[in-house]
Structure formats: structure tokens, C-alpha cells
Amino acid sequence: MARSLLLSLLVRQHLALKEKFRARYPHYWLVWESGAWNVPEGGEQNHGATRLPNDELSDCLPAGDAMCFELNPGKDLLEIGRASHNAFVINDATVSREHLVLRARADGGWAVEARPQSGPALLEGQRLTPGQLHPLETGMHLQLGDVRLTFHDADSFHQRMADTAQLMLANQRGGQSRPA
């Protein structure tokens, strides 16, 4: 089973671990951009369900966070879709049960393949042809229905963590009251 973590949690770890963060997370990442996810019950760590946040949902995370899927180098194939047997479950009605497959490349990178019976999948705005492998490069965007995913190598992911941490710290300092 693959692992996913919230961006906000990873940013806190980045601040606490500093340079050890890079050693702990030397992987490629796929980031499910801003949204609200229902926290899964039963300790499962591989999926989230989109849900509009409102005051009555105590188990719903705040909008603006992102779900980060760790692309473990020990796996050659990772499936993405709405069905629970996928490595990464995206419980969104606009995502097919079995939407995409990520495949490890011989050079250590990753490629993506659309499933034949899935809904449309876009890579950088271009529709993926089912059954055809498309190499992923840092910063590329995948679109599955209404879900947007961003691919990162380890360096760009660590830079994103550093940038997000700086923003978070600046917002905290700006929000504190200052003496007159």
C-alpha cells in the first residue's frame, strides 16, 4: 500500500527536521492540489474523499490543504482511481474507478498511462491516449475529472515545502499583534 500525507503535516515536518527532511523523503511525489478531504477511518493512509467543507463536518480538513502521494521507488506500478483497491484512492465522482497507472521507468523516473475504460485524463492539457506511456517531468499537471495533480521530483518537492513553510511563517508573524 502506498502512503499519502497532508501538505500541512509535511511542512511542519520540514520545519522541525530541517536537512533531515530531505533524507527522510527522497522520493518523487504526486500532489492532489488544494481541496478538502474527508479523513479516512480505520487507519487507512492511501486515500481521501473530496467533500465541501461546512461547519457541520468535524472530520473535514480545511480548504487550501493538499494531499501528497509518495511515489515509493520500491514499487514499479501504482494505480490511481476511485476504487479502494488502487494504491492511491481519489474518492471523487469525476474520477473513474481505475483512472491511471503510474509506472516506474528504468532511469528512476515515472511515466503515466490512462486506463482504457477510464474517463478523460489530461497531461499538461493534452488528452492521454489509453495504453500509451507518457513520461512525467517535474511540475507537470495531470487532470482527472475535477481533480488536479502535480508531479514533483525530490528537489522540487523539497523546494515547495521550503516555500510553503516560509509563507506559513510570514503569515504567522503578520497575524500577531505588534506593540504600539
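Residues numbered from 1 in each chain as written. Predicted model: local features only at pLDDT ≥ 70, side-chain atom pairs only at ≥ 80, totals over all residues. Heavy atoms only, no water.

Where an unreviewed UniProt entry is consulted, the protein appears under the name FHA domain-containing protein, with the organism given as Melittangium boletus DSM 14713.

Caption draft 1: Highlighting the pairing of strand E13 (residues 141-144). Residues of E13 alternate between two faces, with Leu142 and Leu144 buried on one and His141 and Gln143 left unburied on the opposite face. If you look at the hairpin formed by E13 and strand E14 (residues 147-152), you'll find two residues sitting between the two strands, and Gly145 has a positive phi there, around 60°. (Buried < 20%, exposed > 50% of the residue type's maximum accessible area, 1.4 Å probe, protein only. Helix = DSSP H or I, 4+ residues; strand = E, 2+ residues; numbered from the N terminus. Pairing = 2+ DSSP bridges.)

Caption draft 2: Just the environment of Asn72, in detail. Mapped onto the elements of the fold, Asn72 is located in the loop between strand E5 (65-71) and strand E6 (77-81). A sequence separation of 32 residues divides Asn72 from Ala104, and the C-alpha atoms of the two residues are 9.4 Å apart.

Caption draft 3: Summary view of unusual backbone geometry. For Lys18, which is not glycine, the phi torsion reads 55° and is therefore positive. Tracing the backbone shows Lys18 in the loop between helix H1 (7-17) and helix H2 (19-24). Judged by relative accessible area, which is 58%, Lys18 ranks as exposed. If you check the backbone angles, Glu124 has positive phi at about 55° while not being a glycine.

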